[in-house]
Amino acid sequence: MSENHASKAPACTAVVGLQWGDEGKGKIVDLIAPDHDAVVRYNGGANAGHSVVVKGERFSLHLIPSGILYPSKLAVIGNGVVLDPGKLLEEMDGLRARGVDTSGLIISSRAHVVMPYHKAEDAAREDALKSERLARSGGENPGVSEIGTTRRGIGPAYAEKVTRSGAVRVGDLLDPESLRSKIELAIAGKRKFLADQPGAAEFLDAARITEWAASAGEAIRPMVQDTTYLLNNLVRSGRKLLFESANGTLLDVDHGTYPFVTGSSCAVAGIGTGTGVPVQRVGRVVGVMKAYSTRVGAGPLPTELAGPGPEGVTGDRIRNRGREFGTTTGRPRRVGWLDLVAVRYSAMINGVTSIALTMLDVLAGFETVRVCTAYRLGGKQTDRFTPDGATLGAVEPVYTELPGFSEEIGAARSRTELPARARSYVEFIEQAVGVPVDIVSVGPDRAQTITA
Ligand code: GDP
Ligand code: IMO
Ligand code: MG
C-alpha cells in the first residue's frame, strides 16, 4: 500500500491550551507522554514556560518539549518554533545539571532564530507603546496599549520570517557566509529604529552577531535535522507523536484576542505549518483548561477579579492559592472566574476531543463560585465569543452561580473521591462545552491527577 495512505485511525495526539496560556499544558504533556514516541513543539519560543513536577521536583521548560524528562523519547523542536539559541543552550545545561538526559533533542533546520536585535526590537516597541499610552492617558480612553509581551523577541522574529530577506533559520547558523549577509540585511533594516536603544553598539554589530550566531550553530549542529521527513517517517512507521502547543488558543495570532496575542498559530491548525505533519494525523485533541481564567500581559479578560473591593480579594485568593505568577517572567497573572464562552470557542477552533481540567484544587474553600456562560454586548445577550480585542473589552459577563466545595482535594485520585459539589462543577463544564473531561488535575505533581 502507498505510504501516503493511513491504514489506521490517526495515532497522534495534540495538547493545546484553551485559554490565555499557562493552563497546565506541561503537566498534561508529561502525563500522557508515555503513550507516545516523540513529543513535538510546533509554535512559539522561549515565551513559553511549561512546568512539570515529579515527586516534588519542579522542572520549568521553555523551548525544550516537556517529553525530554523521559529518556527514551524524542523531543523535537519543529520548524514553526522561533529558537533563541542562547536560551536553548542554557536550558539544556540546566537540565543536564539535574541529571536529565537531553540526547533525544532534535531541532528543525527550518526553525527561525531569535536574534539579539529581535529582543531589543520587542522591548523598544513595548516601551514606545507604553510611552504613547501614558502620553494619551489624560484622555478618557488612550486607544493604545503595550501588549505586555514577554520581551523574548517572539513577535519581531516571526515578523522577520514573513519579511524573508534578512531572516535566519537554524540551518543558516551552520553556514557562516550566508549567515553574515542575512544578518547584515536584517540589521540594515533595523538600524534607524534601534540605534538609540541600550546595547545597540553590540546587537547592531553584524560581525559580532555573526560570530555569536555561528558559534551557537556549532554548539547545536549535532541536533539539527530535516524534522519534516523525520516526523512523517515516524508516523508512517506507526509511531505516535504528541504535539505540545505553546501559549494558548486565545493568544493565537489569527484566532486569539487580537492584537493582544502572540506571534504564532497556537491552535491545532499550527501543527500542519509548524511541523509539516498533516493535521489529519491527529486523532486526539486534548484541550487543557484551568478551573478559572488567567492572563498575563494586557488585553481583555471579561471575568477578571481585580480592584480594591471584594472581587480583588477573591482574585488575590485564587492567585495565591494557584501560585499564579509567570513561569517565564515571574509577573503576577491576572485572575478571573471561568469563562465558558471563551472555552467553548477554543474547543470549536481546535476540534477538541477531550478536556484536561487543571487547578480544580485551587477553588476549594469558596462558598459559591461563578462561571460565565454568556456575554452581554450592546444591550443584547450572546453566547458567542468575539476574538476582537476591543469588542471583547466591551462585553459584560453573564454568570451562573454554582455551589463551592470546602474540602481540600489534592489527595483525590478518582472522581468518586471528589466532593459532590466539585464533581458537579466538572459536569457543568462537560455539559456547557459538550466535550468530556477525561483528566482532572488536583495539584501540580504528576501524581495529583484523576484519570478515571
Ligand atoms: P503551561 O504553560 O500551560 O505548561 O502552564 P504553567 O506551567 O506555566 O503554569 C501552570 C502552573 O500550575 C504550574 O506552576 C504548574 O506546576 C501548576 N499546576 C498544574 N496543574 C495544577 C493543578 O491541578 N493544581 C495546582 N494547584 N497547580 C497546578
Ligand atoms: P505558555 O506556553 C501565558 C502572552 C504574553 C503577552 C502576549 C504576547 O507558558 O502557556 P509574546 O512575548 O508572545 O509576544 O507576548 O502573549 N504569552 C503568554 N501568556 N503563557 C504563555 O505561554 C505565553 N506566551 C505568550 O504575556 O500577553
Ligand atoms: Mg506557562
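Residues numbered from 1 in each chain as written. Chains lettered and ligands numbered in written order. Predicted model: local features only at pLDDT ≥ 70, side-chain atom pairs only at ≥ 80, totals over all residues. Heavy atoms only, no water.

A. Just the site of ligand 1, in detail. Close to ligand 1 lie 21 residues; K25, G49, S51, D361 and S441 are nearest. G24 places a polar main-chain atom, nitrogen or oxygen, 2.8 Å from an oxygen atom of ligand 1. Within the side chain of R333, an N or O atom sits 3.3 Å from an oxygen atom of ligand 1. Surface burial for ligand 1 is 95%, taken as the share of its 590 Å² of free accessible area covered by protein chains. Of all the secondary structure elements, the ones that give two or more residues to the shell around ligand 1 are helix 1 (25–32) and strand 3 (50–54). (Near = heavy atom within 4 Å. Polar contact = N/O pair within 3.5 Å; in protein donor to acceptor, adjacent residues only side chain to side chain. Areas by Shrake-Rupley, 256 points an atom, 1.4 Å probe, with all protein chains shown as cover. Helix = DSSP H or I, 4+ residues; strand = E, 2+ residues; numbered from the N terminus.)

B. How the structure looks around the coordination of the magnesium ion (ligand 3). Here the magnesium ion (ligand 3) is held by D22 (OD) and G49 (O), and the distances to it run 2.0 to 2.2 Å. Note that D22 is positioned in the loop between strand 1 (12–17) and helix 1 and G49 in the loop between strand 2 (38–41) and strand 3, a separation of 27 residues in sequence. Looking at G49, the relative accessible area reads 10%, which means it is buried. (Donors = N, O, S within 2.8 Å, 3.2 Å for Na, K, Ca; no water. Buried < 20%, exposed > 50% of the residue type's maximum accessible area, 1.4 Å probe, protein only.)

C. Seen up close, the site of ligand 2. Near ligand 2 lie 20 residues; those nearest to it are K25, H50, T150, N247 and T262. In this structure, an oxygen atom belonging to ligand 2 sits 2.9 Å away from a main-chain N or O atom of G49. For ligand 2, whose unbound accessible area comes to 550 Å², protein coverage reaches 97%. Applying the majority rule of atoms within 2 Å of the grid points places ligand 2 in the largest pocket. (1 Å grid on protein atoms, 1.4 Å probe; cavity = no way out; pocket = protein on both sides within 12 Å on 5 of 7 lines; lining within 4 Å. Sits in = over half its atoms within 2 Å of the grid points.)

D. A look at the environment of N47. Note that N47 resides in the loop between strand 2 and strand 3. Accessibility expressed as a relative area gives 11% for N47, which makes it buried. Sequence separation between N47 and R151 is 104 residues; the distance between their C-alpha atoms is 8.0 Å. What N47 contacts, discounting residues up to four positions off in sequence, is T150, R152, I154, N247, T262 and T328. A distance of 3.0 Å separates the side chain of N47 from the backbone nitrogen of G45, its partner in a polar contact. A distance of 3.2 Å separates polar atoms of two side chains, one belonging to N47 and the other to T262. (Contact = heavy atoms within 4.5 Å.)

E. Up close: the pattern of salt bridges. One pass over the structure, following the stated rule, counts 23 salt bridges. Between R151 and D127 there is a salt bridge; the shortest N-O distance is 3.0 Å. Here R151 is found in the loop between helix 3 (116–136) and helix 4 (154–163), whereas its partner D127 is found in helix 3, with 24 residues between them in sequence. Note on D127: relative accessible area 35%, which makes it partly exposed. Here K190 ties to E160 by a salt bridge, and the two come within 2.8 Å at their closest N and O atoms. Highlighted residues: K190 in helix 5 (residues 176–194) and E160 in helix 4, separated in sequence by 30 residues. One exposure class covers both K190 and E160, and it is buried. Linked by salt bridges that have partners in common, D22, K290, E324 and R333 make up one network. (Salt bridge = Lys/Arg side-chain N within 4 Å of Asp/Glu carboxyl O.)

F. Layout of the nonpolar core. Grouped together as the largest cluster of nonpolar side chains are 58 residues, with contacts concentrated most on L241, F243, I318, L357, L360, Y425 and I429. Sorting elements by how many residues they give to this core places helix 13 (residues 420–433) first, with six residues. Once residues lying within four places of it in the same chain are set aside, the contact partners of L357 are M289, K290, A291, V426, I429, V437, I439, V440 and S441. Judged by nonpolar contacts, the second largest core, of 43 residues, contains I68, V170, I183 and A200. (Core = buried A, V, L, I, M, F, W, Y, C linked by side-chain atoms within 4.5 Å.)

G. Spatial organisation of the packing of aromatic side chains. Counting across every chain of the model gives three aromatic pairs. Ring geometry for Y345 versus F385: centroids 4.8 Å apart, planes at 35°, classification tilted. Here the residue Y345 occupies a position in helix 11 (residues 340–350), and F385 occupies one in the loop between strand 17 (380–382) and helix 12 (389–392), the gap between them amounting to 40 residues. Residue F385 is classed as buried on the basis of its relative accessible area of 10%. (Phe/Tyr/Trp six-rings, centres within 6.5 Å; stacked < 30°, edge-to-face > 60°.)

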